[in-house]
Amino acid sequence: MRATTRPILAAFLAVLTLVTPAAASPAQAGRDRGTVWKACADDRTAQCMTLRVPVDRSVPYGPTLSIAVARRPATDPKHRIGTLIVNPGGPGGSGVDFALDSPWFFSEQLRRRFDIVGFDPRGVARSNPVVCSASLLAAGPSVLVDSAQVYAETVAYNRRLAADCARRSGPVFGHVDTMSVVQDMDSLRAALGEDKISFYGASYGTLLGAQYAERYPSHVRALVLDSVMDHSGDTDAFLDAETGTAQDSFDEFVAWCARSTDCALHGRDVRRIWAALLARAGRGTLRDPFDPSYRMTVYDLLGVAFGSFYDPQWHSLAVYLREAATPSGRRARGAVTEVEHSFPAVFCDDWAMPVGGWAGLRDRLAGLARANPQMPVSPLAMASVTGCLGWPLPPDNPQRVPDPVRTGPVLLINSRHDPATPYVWARTVAAQLGPRATLVTYDGWGHVVYGRSDCVTSAVDRYLLTVRPPAAGTSCPGVEPVAGGVGKRPTGRRDPRAAGYR
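Residues numbered from 1 in each chain as written. Predicted model: local features only at pLDDT ≥ 70, side-chain atom pairs only at ≥ 80, totals over all residues. Heavy atoms only, no water.

*Asks:* In this structure, what is going on with the overall build of the protein? I would like to understand it.
*Replies:* Of regular secondary structure, the protein possesses 16 helices and 14 strands. Across the 502 residues of the protein, 57% fall into the buried class. Taking the contacts inside the protein whose residues are at least 6 apart along the sequence as the reference set, 79% of them involve residues at least 24 apart. Here the protein displays about 19,800 Å² of accessible surface, and carbon together with sulfur accounts for 54% of that area. (Helix = DSSP H or I, 4+ residues; strand = E, 2+ residues; numbered from the N terminus. Buried < 20%, exposed > 50% of the residue type's maximum accessible area, 1.4 Å probe, protein only. Contact = heavy atoms within 4.5 Å. Areas by Shrake-Rupley, 256 points an atom, 1.4 Å probe, with all protein chains shown as cover.)

Dropping the structure here:
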């Protein structure tokens, strides 16, 4: 899930230069049922196609939409196990991009044995994206609703935004819930000629995997849920868990600054510095050091910290906070008229988040702030809840407790100090899925675990290759962040972790 924040770090560039055309092998062509694969426009070493599906499954002869699909075939076709469908989360993350960039994310042994397939979920990227007016998005009220007036403005704004997005996006609007994507994924499985698929989902993609396994258990070979969404809690449970885990991530940053001389604030009172910056943001006197013309809000500042917890990028956050008093530099802004904005359309179709009006929201926010002094509310949770205030369509796929899995073994992995998908969610979902679910704990930091250490990667790879899960209670030690991120991170490519629930 995606919370909008002002970026403080350079984004990875997608540099795709190889031009060798890709074609399906005879064996693949025999499996594929009437699908036509061509070299991808974005990367001609991979294969792409489109899949037509009904917009509304209850009206099978009504409007249809095209689902964009990308595939990197197994590099050792003689020892191919099957298809691994991947989803990076979001909501709004591109599965096509994830598949194209899979050589920089998944291990060589997985790429040898599996066709790695990703698709853009309906309403996202190349699959009939939900688009909205850029000027209307820019004119939205504060995400941090702090008065009855702002609450009323937010409700009215969300209704205008939904109407605008519906008009620009066409029939897909109102049909982008995860259960609809589950059905699209099974149509893809059938088109690939696979009786069973393996699945890796990160972040919001874990909801897709869990709901697919619940609906189509006989078609699941293996299922990996990395950084797990709990889709069973109410508004209070959601806000409490999300804000508590954001505060935990801040506490871990403070502890690192205290023990590491690499921290630009080492030896200083980080909580006091942070409190002063929050106060200045609240007064409207805090300038963004990357754009001195911009006065930061409290939500902006919380977002800077929250975004840095994903890798985590503690080194950069410490420098940013140190420099916040002496801003310099400029950020260019370009003019756009229409932009993709699938987040509220998807989230509000998956979640019911009643708050009991302004008084109910005010009381909830006060309680969160008392319990979490440095991160008084998770920016992610706040954007999620306030983005659905006044939303004109009821959710098609609201929260509920899932049934125990009826597949083979399922593997869940989660950081103990994840800023976006709390560790408690992974434990809850593992219990809900029953004895066939195994949770591996990464005793470290950040969001999305695969690739953070040899321990984690090996546990996931062994499971996907053999469908034998690790022993119950398995954990992997955390890897201390280095400047620029954690572990050996690739450069020059989109990082699939950045597309996860945020």
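And the narrative resumes.
*Asks:* How do you make sense of the pattern of salt bridges when you look at a structure like this?
*Replies:* Tallied over the entire structure, the rule returns 20 salt bridges. As a salt-bridge pair, D120 and R126 come within 3.0 Å of each other at their nearest N and O atoms. R126 sits in the partly exposed class, given a relative accessible area of 36%. Put simply, R167 and D164 hold a salt bridge, and the shortest N to O gap is 3.3 Å. Of this pair, R167 and D164 both sit in helix α5 (residues 148-169), three residues apart, which is roughly one turn of that helix. For D164, a relative accessible area of 9% corresponds to the buried category. One continuous salt-bridge network, built from bridges that share partners, spans D42, D97, D120 and R126. (Salt bridge = Lys/Arg side-chain N within 4 Å of Asp/Glu carboxyl O.)

*Asks:* Just checking my understanding: could you explain the packing of helix α12 (residues 343-350) against helix α14 (residues 379-387) for this structure?
*Replies:* When two helices pack together, you describe them by how their axes are tilted relative to each other and by the distance separating the axes. One way to put it is that α12 packs onto α14 with a least axis distance of 9 Å and a crossing angle of 80 degrees. Our classification of the angle between α12 and α14 gives roughly perpendicular. Contacts between α12 and α14 involve F343, P344, F347 and C348 from the first element and A383, S384 and G387 from the second. Class assignment of the residues belonging to the contact of α12 with α14 gives a composition of five nonpolar, two polar and no charged. (Axes fitted to C-alpha atoms, helices over the stretch in contact; angles between N-to-C directions. Parallel < 35°, antiparallel > 145°, perpendicular 65-115°, else oblique. Nonpolar A, V, L, I, M, F, W, Y, C, P; charged D, E, K, R; others polar.)

*Asks:* Just checking my understanding: could you explain the pairing of strand β2 (residues 47-54) for this structure?
*Replies:* Looking along a regular strand, one sees side chains alternate from face to face of the sheet. Across the eight residues of β2, six count as buried, placing the element largely inside the fold. Here strand β1 (residues 38-39) pairs with β2 via two bridges, running antiparallel. Looking across to β2, one finds that K38 is bridged to C48. Pairing of β2 with strand β3 (residues 64-72), which is carried by eight bridges, proceeds in the antiparallel orientation. By the bridge assignment for β3, Q47 is matched with R71. (Pairing = 2+ DSSP bridges.)

*Asks:* Where do I start with unusual backbone geometry in this structure?
*Replies:* Only a minority of non-glycine residues have a phi that is not negative, and only a minority of peptide bonds are not trans. Omega for the bond connecting G90 with P91 falls within 30 degrees of zero, at -5 degrees, which places this linkage in the cis form. Along the chain, the position of P91 falls in the loop between β4 (82-87) and α2 (95-100). Following D311, the chain continues into P312 via a peptide bond in cis, with omega recorded as 0 degrees. By the secondary structure assignment, P312 is in the loop between α10 (298-308) and α11 (314-323). Even without glycine at this site, N128 takes up a positive phi of about 50 degrees. If you trace the backbone, N128 turns up in the loop between β5 (114-119) and β6 (131-133). N128 sits in the partly exposed class, given a relative accessible area of 26%. With a phi close to 60 degrees, V467 is a non-glycine residue in the positive phi region.

*Asks:* Any chance you could explain the confidence of the model for the protein here in plain terms?
*Replies:* Here the protein averages 90 in pLDDT, while 87% of its residues score no lower than 70. Below a pLDDT of 50 lies the segment residues 1-21, which in the model reaches 68 contacts outside its immediate sequence neighbourhood of four places, other chains included. Throughout residues 486-494 the model reports pLDDT below 50, and contacts reaching past four residues in sequence, or to other chains, amount to 29 contacts. (pLDDT = per-residue confidence, 0-100.)

*Asks:* Can you help me understand the state of the cysteines in this one?
*Replies:* Between two cysteines, a covalent bond joining their sulfur atoms is known as a disulfide. Taken as a whole and assessed by the stated rule, the structure comprises five disulfides. At a sulfur-sulfur separation of 2.0 Å, the disulfide partner of C132 is C165. Between C132 and C165, the S-S torsion sits near 115 degrees, and that sign places the bridge as right-handed. Here C132, found in strand β6, pairs with C165, found in helix α5; they are 33 residues apart in sequence, far enough to count as distant. (Disulfide = S-S within 2.5 Å.)

*Asks:* I would appreciate a short explanation of the environment of N414 in the present structure.
*Replies:* Relative to the helices and strands, N414 resides in strand β12 (residues 410-417). On the basis of relative accessible area, N414 is assigned to the buried category, the value being 0%. Taking C-alpha positions, N414 is 6.5 Å from A426, a pair spaced twelve residues apart along the chain. Aside from chain neighbours lying at most four places away, what touches N414 is S227, V228, T421, P422, Y423, A426, L439, V440, T441, Y442 and V449. At 2.8 Å, the side chain of N414 forms a polar contact with the backbone nitrogen of V228. (Polar contact = N/O pair within 3.5 Å; in protein donor to acceptor, adjacent residues only side chain to side chain.)

*Asks:* What am I meant to see in the packing of aromatic side chains here?
*Replies:* Taken as a whole, this structure holds 23 aromatic pairs when the rule is applied. Taken together, a centroid distance of 5.1 Å and an interplanar angle of 75 degrees make the contact between F98 and F105 edge-to-face. For F98, a relative accessible area of 3% gives the class buried. Each ring, one from F105 and one from F106, has its centre 4.9 Å from the other, and the planes form 85 degrees; the classification is edge-to-face. The exposure classification of F105 matches that of F106, with both residues buried. Following the ring pairs from residue to residue traces out a cluster consisting of F250, F253, W256, W274, W314 and W445. (Phe/Tyr/Trp six-rings, centres within 6.5 Å; stacked < 30°, edge-to-face > 60°.)

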